[in-house]
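An overview of the molecular structure
Read off the chains here:
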Amino acid sequence: MNRESLLNAIAAGVDAASAQLKPGNGSHDVADCVPHGATRRTGKTTIGTLIGVSLGPGAPGLITRDAWAQLQRRDAAWVYPARSGKTPSYAFDIVSRARLQPPEEHAQLLFPMTHNGEKLAAAWLKAAHAILPWLEAGKDVLFLVEGDASTYATFGHLARTVQQLDADIPVRTIAGVNSFTSACADAGIALAEQDDTIAIIPAAYGVSAIDRHLKDFDTLVLMKIKPLLNELLDWLEQRDLLEEAWFIERSGAEDERHLSGRELLTLRDTKISYLSLMIIKHPHRVRGERIKGCLKKDRAVPADTAAAAGTDVDANANANANPNATASNSTSNSNSTNEATACAVTRK
């Protein structure tokens with residue numbers, strides 16, 4: 001299912017889920033659910049804020065100060081995602097290992113692992129209705145998220161659904177350390193250097209899609225590689241990239257594991273965590289043309305400086321206008337004047 005089809009299915013799912021809600025099953029009746037035209041208040045009332053609290057990939061030490069301060073609050077409610085009632089919440093596990101105590105009001109929200117738009121929308125809608133009573137009563141709700149709340153996280157879906165139901169609910173996101181930057185630190189490698197290009201790809205797109213990106217990017221970050229592991233190992237061997245690949249599982253957790261090079265072959269036919277990723281470097285990539293240069297800032301040059309520089313300023317302007325001109329005058333100008341320049345960003 002492509003992105004457009006998935007979004008259409010999700011929209012249809014919101015409508016279907018809304019129609020299935022019955023009075024008494026939650027704090028809001030069917031009439032309160034307006035996914036395609038949110039209601040707004042007419043009077044002044046105090047409402048709570050939905051806050052996405054990023055916790056980092058797993059190590060309690062990677063929780064930011066901003067997130068930590070929010071987690072100290074006793075006047076807010078906590079909610080945290082889980083894939084099923086039998087699977088514990090990884091986000092809640094992070095705060096537990098940080099020895100943070102939940103407030104009196106906290107709850108687990110279920111979000112199934114599926115690409116079915118209707119099922120996803122129904123889960124988001126159910127979760128939104130679960131937290132709306134707190135928000136509409138003026139209580140802030142902290143949605144705990146492993147990694148970063150803006151990167152492959154459920155928080156964005158929940159926030160949009162809540163605001164579809166009540167457009168007045170404010171939303172805030174607290175940034176966090178994501179899994180792939182943490183994984184690079186764990187493996188002792190740089191994610192990118194100088195003007196390297198990076199692609200972050202959910203491995204579910206398949207090896208063929210990953211292979212197509214190889215020619216355009218210096219670093220590939222492959223997320224959620226569990227169902228594609230054996231195919232990835234075959235592809236790495238075929239492309240002679242084993243020595244440029246790193247596998248990181250449950251970065252930041254107590255049972256974190258990382259392998260590289262030919263060690264990766266020991267993973268074949270084994271079970272790995274859903275929280276696994278792979279970082280691949282492509283050191284021999286042929287790069288395209290990059291635009292380089294310096295752009296002058298519009299800043300007045302003192303008269304005495306301009307006089308001392310003589311005709312070098314004009315020469316520099318001519319050199320910029322004519323790419324075939326010699327660089328001697330422009331070099332002399334940069335050494336003899338105080339004219340400010342701003343280097344253009346190198347692009348590909």
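Our subject is the structure that appears above.
Some thoughts on the overall build of the chain
For the chain, the count of helices and strands is eleven helices and twelve strands. For the chain, the residues scored as buried account for 40% of the 348 residues in total. The long-range share in the chain, meaning contacts at least 24 apart out of those at least 6 apart in sequence, stands at 72%. Working note: accessible area of the chain is about 19,100 Å², and carbon and sulfur atoms make up 50% of it.

A closer look at the nonpolar core
General note: in soluble globular proteins, nonpolar side chains tend to be found buried as a group. Leu50, Leu109, Ile131, Phe143, Leu158 and Val162 are the most contacted members of the largest nonpolar core, which has 26 residues in total. Those elements that provide at least two residues to this core are strand E2 (77-82), helix H4 (117-136), strand E4 (141-145) and helix H5 (155-165). Other than its neighbours up to four places away in sequence, Phe143 contacts Leu50, Ile51, Gly52, Val53, Val79, Pro81, Leu109, Phe111, Thr154, Phe155 and Leu158.

Overview of the sheet that holds strand E10 (residues 276-281)
Taking strand neighbours across the sheet as the criterion, the five strands line up as E6-E7-E10-E8-E9 in an open arrangement whose pairing is mixed. At either end of the open sheet lies a strand with only one pairing partner, and these are strand E6 (198-202) and strand E9 (257-260). Each strand of the sheet is rotated relative to its neighbour by a mean of 15°, with strand direction disregarded. Alignment of strand E8 (residues 245-249) against E9, held across four bridges, turns out to be antiparallel. Residue pairing across strands places Ile248 opposite His258, the latter belonging to E9. Contacts between helix H6 (residues 179-187) and the sheet are confined to E6, strand E7 (219-223), E8, E9 and E10, with E10 contributing the most and set at about 65° to the helix. Running at roughly 10° to E10, helix H8 (residues 229-238) makes contact with E7, E8 and E10 of the sheet.

What about the sheet that holds E2?
Taken together, the five strands give an open sheet; going across it, the order is E3-E2-E4-E1-E5, and neighbouring strands pair in parallel fashion. Edge positions in the sheet fall to strand E3 (106-110) and strand E5 (171-174), since each of these pairs with one other strand and no more. For this sheet, the mean inter-axis angle between neighbouring strands, taken without regard to orientation, is 25°. Across three bridges, the pairing between E2 and E4 is parallel. Residue pairing across strands places Trp78 opposite Leu142, the latter belonging to E4. Sitting on the sheet, helix H3 (residues 90-97) touches E2 and E4, and the angle it makes with E2 is about 125°. Across the face of the sheet, H4 comes into contact with strand E1 (50-54), E2, E3 and E4 while running at roughly 165° to E3.

Calculation rules
- Residues numbered from 1 in each chain as written.
- Predicted model: local features only at pLDDT ≥ 70, side-chain atom pairs only at ≥ 80, totals over all residues.
- Heavy atoms only, no water.
- Helix = DSSP H or I, 4+ residues; strand = E, 2+ residues; numbered from the N terminus.
- Buried < 20%, exposed > 50% of the residue type's maximum accessible area, 1.4 Å probe, protein only.
- Contact = heavy atoms within 4.5 Å.
- Areas by Shrake-Rupley, 256 points an atom, 1.4 Å probe, with all protein chains shown as cover.
- Core = buried A, V, L, I, M, F, W, Y, C linked by side-chain atoms within 4.5 Å.
- Pairing = 2+ DSSP bridges.
- Axes fitted to C-alpha atoms, helices over the stretch in contact; angles between N-to-C directions.

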